[in-house]
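# Overview (structure and organization)
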Amino acid sequence: MTQEQRYTIKISLIVALGGFLMGFDASVISGVIKFIEPEFALSKLELGWAVSSLTLTSTLAMMVAGPLSTKFGRKPVLKIAASLYAISALGSALAPDFITLVIARMIGGFGVGASLIIAPMYIAEICPPGMRGRMVSFNQLNIVTGISVAFFTNYLILQLSQSDSAWIQTLGIDIHQWRWMLGLEGIPAILYFGLLFGVPESPRWLIMKSRSTLALQILKRVSSEAQALKDLAAVKESIKNRTEKKRAKLSELFKPSLRLVLFIGIVVAILQQITGINSVFFYAPMIFEQTGIGTDAAFSQAILVGLTNLAFTVLAIMFIDRFGRKALLIFGFSGIAISMFLLSYGFSNATYQLTPQAVETLPGHVDKAKTAGMVGVTYYSDVEFKDAVQENFGEIESKKVEANLITASINMNAWLILLSIIGFVASFAISIGPVMWVLFSELFPNTIRGVAISFTGFINSSVSFLVQFVFPWELATIGNAWTFFLYGLFAALGLIFVLIVLPETKNKSLEELEAILVTSKEK
């Protein structure tokens, strides 16, 4: 490995830490919701807002991060993102009320959106062509790694909170679990901010700002002098050609000739989120608690979700060019539909009955006298059982005891639920998760690709926000079985769409795809 390659890898790894923070920040909330719902007496929609508010501001940040980085540079925007992550972590950990918590999470959302756009852009701009694909993939791998680490640290903090060690009590980990879960992000955020001072500005941006001498110095650090001079000339030519071309407008997307490709892009963007992936990532421990396995086991099983996501994302990177995009999507949507239907089946067959013996095993904070009206009664749906808990314990207290009562009363196949969720995450991670972004880069014609990806990306984020927002309300209103059945139904429709409408893009040039997808009229 040459000195230039080592330098390129070091810089790429530093910048890709933004992807790690994004994944961590997005999924750490999964361990927090169990604690903030009773502490702040949240309704189901307020709980959904606590989770989804980050996605809302990240969507807004994605729209402005690009123009800001064009004006001020990639490096300053990355520093701002790192600062926002740190501010969000501290503000969330110290939040005295629900509104403050949401504001702090929304601040972090701006960091998520900025790093999602700028980190891979910077890596692509500084890396030589031969290393670009692998280095940019660091960012995607770091995102799923961040998700996995968040699940692990949530579980670790939960375990530490049950210790009698003096230092645990001194730090307040025993009573402020969720605050430590959120605050822990401040460590990598501050580290990221500090490391960015050792990162040069993007040479492409410097050339855009007529600072070619400095740009050449940076290019020489990532490749040979001859290659650096060649890259400098190529970038200058590219910028010249781009400035001579008229910028594509959003209205061009709606020309009759682009109806098919736009339809495909919108449907794929919606399908990636409406099949429920962020419901699982952001509410995993809550879903597992619904099976009655208890809080500790629910948090530990969430770690399996993160590791599965990581492993199958790596497999997707390995297989996408070998088997093709359509083949992976057919496999993935089939797996998603089967997994969701199995989840629905598992929850629909669950029954809930409190016996006198089960009541005696309830922890001390549960008022056992209030269970009198439920003992011996069999409930055939989770909605019916939760309504009974709320009726007997009241709206506020029921949030604190619901998980304990489910554990004591439920009769279901918890292994089926675990395997179904693992199957769902694996199917998503090897297919529509990473494949969507590859399709976006291939489907749209060159002239409108940038604005098309921004438009479909906005739709994708908007659907993600809605799915996260309504999920707690869905569970409380229509129940686990129907919620997961709907996700499975959407996946089945997605499978039909892929089989009938979506063309295979593997081994086809962008020009060939344009000829297939864009009609001759107004081409």
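Refer to the structure presented above.
Anyway, here's the lowdown on the structure attached to this text. (Residues numbered from 1 in each chain as written. Predicted model: local features only at pLDDT ≥ 70, side-chain atom pairs only at ≥ 80, totals over all residues. Heavy atoms only, no water.)

## Notes on the overall build of the chain
We apply this condition: Counting from the N terminus, the helices are the DSSP runs of H or I reaching at least four residues and the strands are the DSSP runs of E reaching at least two. The quantity called the radius of gyration is restricted to C-alpha atoms. Its globule counterpart is 2.2 Å times the number of residues to the power 0.38. Note on definitions: a residue-residue contact is assigned when non-hydrogen atoms from the two residues lie within 4.5 Å. Computed by Shrake-Rupley with a 1.4 Å probe, the accessible areas treat only the displayed protein chains as cover when residues are assessed.
Helix and strand content of the chain: 24 helices and three strands. In terms of C-alpha radius of gyration, the chain reaches 25 Å, essentially the compact-globule figure of 24 Å for 523 residues. Referenced to the eigenvectors of the C-alpha coordinate spread, the extents of the chain come out at roughly 80 × 55 × 40 Å. Restricting to contacts in the chain with at least 6 residues of sequence separation, those with at least 24 account for 81%. Per element, the accessible surface of the chain, about 22200 Å² overall, is 65% carbon and sulfur.

## Some words on the nonpolar core
Buried together is how nonpolar side chains tend to be arranged in soluble globular proteins. The condition is simple: Throughout, nonpolar core names a set of buried Ala, Val, Leu, Ile, Met, Phe, Trp, Tyr and Cys residues whose side chains join them through atoms within 4.5 Å. For every residue, the accessible area obtained with a 1.4 Å probe (protein chains only) is divided by the maximum for its type, and the residue is called buried under 20%, exposed over 50%, and partly exposed between those limits.
Membership of the largest hydrophobic core comes to 153 residues, with the highest contact counts inside it found for V15, I36, V305, F333, L405 and I421. Not counting residues within four places of it along the chain, the set of residues in contact with L405 comprises L354, L362, V366, T371, F385, V389 and F393.

## Here's the deal with helix 1 (residues 3-27)
Put simply, the rule reads: An expected span of 1.5 Å times one less than the residue number is assigned to each helix.
Between the first and last C-alpha of helix 1 there are 36 Å, a value that for 25 residues agrees with the 36 Å anticipated at 1.5 Å per step. Summarising burial for helix 1: 18 of the 25 residues are buried, a large majority.

## Digging into unusual backbone geometry
Positioned with a positive phi, A41 is a non-glycine residue whose angle comes to about 50 degrees. By the secondary structure assignment, A41 is in the loop between helix 2 (33-39) and helix 3 (44-72). Note on A41: relative accessible area 37%, which makes it partly exposed. A positive phi angle is found at S210, which is not glycine, with a value near 60 degrees. Checked against the element boundaries, S210 lands in the loop between helix 10 (203-208) and helix 11 (212-222).

## Overview of a nonpolar patch on the surface
Spelled out, the test is: By definition, no residue in a patch forms a salt bridge, and every one has over 30% relative accessible area; like charges are joined within 9 Å, nonpolar side chains (Val, Leu, Ile, Met, Phe, Trp, Tyr) within 5 Å. Each reported salt bridge corresponds to a side-chain nitrogen of Lys or Arg within 4 Å of a carboxyl oxygen of Asp or Glu.
Among the surface-exposed residues, F341, I478, W482, F485, L489, L493, I496, L499 and I500 lie close enough to one another that they form a single nonpolar patch of about 850 Å² accessible area. Of the residues forming the nonpolar patch, the biggest block, seven residues, is contributed by helix 23 (residues 479-500). Along the chain, I478 falls in the loop between helix 22 (449-477) and helix 23.

## Here's the deal with the side chain of S202
One can find S202 in the loop between helix 9 (186-195) and helix 10. S202 gets classed as buried once you look at its relative accessible area, which sits at 0%. Setting aside its immediate chain neighbours within four residues, S202 contacts R74, Y122 and E125.

## So, the environment of A124
By the secondary structure assignment, A124 is in helix 5 (residues 98-126). For A124, a relative accessible area of 24% puts it in the partly exposed group. Linking A124 and R204, residues 80 residues apart in sequence, is a C-alpha distance of 9.8 Å.

## Some points on the pattern of salt bridges
Two side chains bearing opposite charge may form a pair once their charged atoms approach each other closely. Under the definition given, this model contains eight salt bridges. The salt bridge involving D25 is made with R105; its shortest N-O contact spans 3.2 Å. In this pair, D25 is assigned in helix 1 and R105 in helix 5, connecting sequence segments 80 residues apart. Grouping residues by exposure puts D25 and R105 together as buried. Across the pair E37 and K44 runs a salt bridge, and its minimum N-O distance is 2.8 Å. Overlapping salt bridges, with partners in common, bring together E37, K44 and K399 in one network.

## Section: the packing of helix 14 (residues 277-289) against helix 20 (residues 414-429)
Operational definition: A fitted line through C-alpha atoms serves as each axis, taken over the contacting stretch for helices, and the angle formed by two N-to-C directions is quoted from 0 to 180°. To sort the angles, those under 35 degrees are grouped as roughly parallel, those over 145 as roughly antiparallel, those from 65 to 115 as roughly perpendicular, and the leftovers as oblique. Each crossing gets its handedness from the near helix: less than a right angle anticlockwise from the far helix is left-handed, clockwise is right-handed. In this count, Pro and Cys sit with the nonpolar residues alongside Ala, Val, Leu, Ile, Met, Phe, Trp and Tyr, while Asp, Glu, Lys and Arg are called charged and the others, Gly among them, polar.
Following both chains from N to C, one finds helix 14 and helix 20 inclined at 160 degrees, their axes separated by 11 Å at the closest point. The angle between the axes of helix 14 and helix 20 places the two elements in the roughly antiparallel class. Regarding helix 14 and helix 20, the two cross each other, and that crossing is left-handed. From helix 14, I277, V280, F281, I287 and F288 reach across to helix 20, where they touch L418, I421, F424, V425 and F428. Residue composition of the contact of helix 14 with helix 20, grouped by class: 10 nonpolar, no polar and no charged.

## Digging into the sheet that holds strand 1 (residues 351-353)
Stated precisely, the cut-off is as follows: Strand pairing follows a simple DSSP-based rule, namely that at least 2 bridges must link the two strands.
As summarised here, the arrangement of the three strands in space is 2-1-3, forming an open sheet in which the pairing is antiparallel. Whereas interior strands pair on both sides, the edge strands pair on one side only; in this sheet they are strand 2 (378-379) and strand 3 (410-411).

## Re the side chain of S88
Along the chain, S88 turns up in helix 4 (residues 74-94). Take S88: its relative accessible area is 1%, and that puts it in the buried class. Beyond its immediate sequence surroundings of up to four residues, S88 is in contact with A104, R105, I107 and G108.

## Re the packing of aromatic side chains
Put simply, the test is: Pairing of aromatic rings covers Phe, Tyr and Trp, the last counted by its six-membered ring, and requires centre-to-centre distances within 6.5 Å; plane angles under 30 degrees mean stacked, over 60 mean edge-to-face, and any other angle means tilted. Any Lys NZ or Arg CZ found within 6 Å of a ring centre and within 35 degrees of that ring's normal is scored as a charge over the ring.
Counted according to the given criterion, the structure contains 17 aromatic pairs. Here F347 and F484 contribute two aromatic rings whose centre-to-centre distance is 5.8 Å and whose plane-to-plane angle is 20 degrees, an arrangement assigned as stacked. Residue F347 is located in helix 16 (residues 325-348), and its partner F484 is located in helix 23; the two are separated by 137 residues in the primary sequence. F484 carries the same exposure label as F347, and that label is buried. Grouped by ring-pair contacts, the aromatic residues Y283, F347, F471, F484 and Y487 constitute a single cluster. Positioned above the aromatic ring of F197 is the side chain of K79, whose terminal nitrogen or guanidinium carbon lies 3.7 Å from the ring centre.

## A short note on the environment of N142
As a reminder of what qualifies: Polar contact criterion, stated in full: a pair of N or O atoms within 3.5 Å, where within protein one must be able to donate a hydrogen and the other to accept it, and residues adjacent in sequence count only if both atoms are side-chain atoms.
One can find N142 in helix 6 (residues 129-160). Sequence-distant contacts of N142, that is, excluding residues within four places in its chain, are made with L13, A16, L17, G19 and F20. A distance of 2.8 Å separates the side chain of N142 from the backbone oxygen of A16, its partner in a polar contact.

## What about helix 15 (residues 295-323)?
Just so we agree on the cut-off: Values of bend correspond, residue by residue, to the angle between axes fitted over the seven residues ending at that residue and the seven starting there.
When the terminal C-alpha atoms of helix 15 are compared, their 40 Å separation across 29 residues agrees well with the 42 Å that a helix rising 1.5 Å per residue should span. The principal kink in helix 15, of about 30 degrees, is found at I317. Just past helix 15, the residue G324 takes up positive phi, approximately 100 degrees.

## Observations regarding the environment of K209
Within the fold, K209 resides in the loop between helix 10 and helix 11. Look at K209 and you get partly exposed, because its relative accessible area is 37%. A sequence separation of 136 residues divides K209 from G73, and the C-alpha atoms of the two residues are 9.4 Å apart. Once residues within four sequence positions are removed from consideration, K209 is found in contact with T70 and K71. In this structure the side chain of K209 is engaged in a polar contact, spanning 3.2 Å, whose partner is the backbone oxygen of T70.

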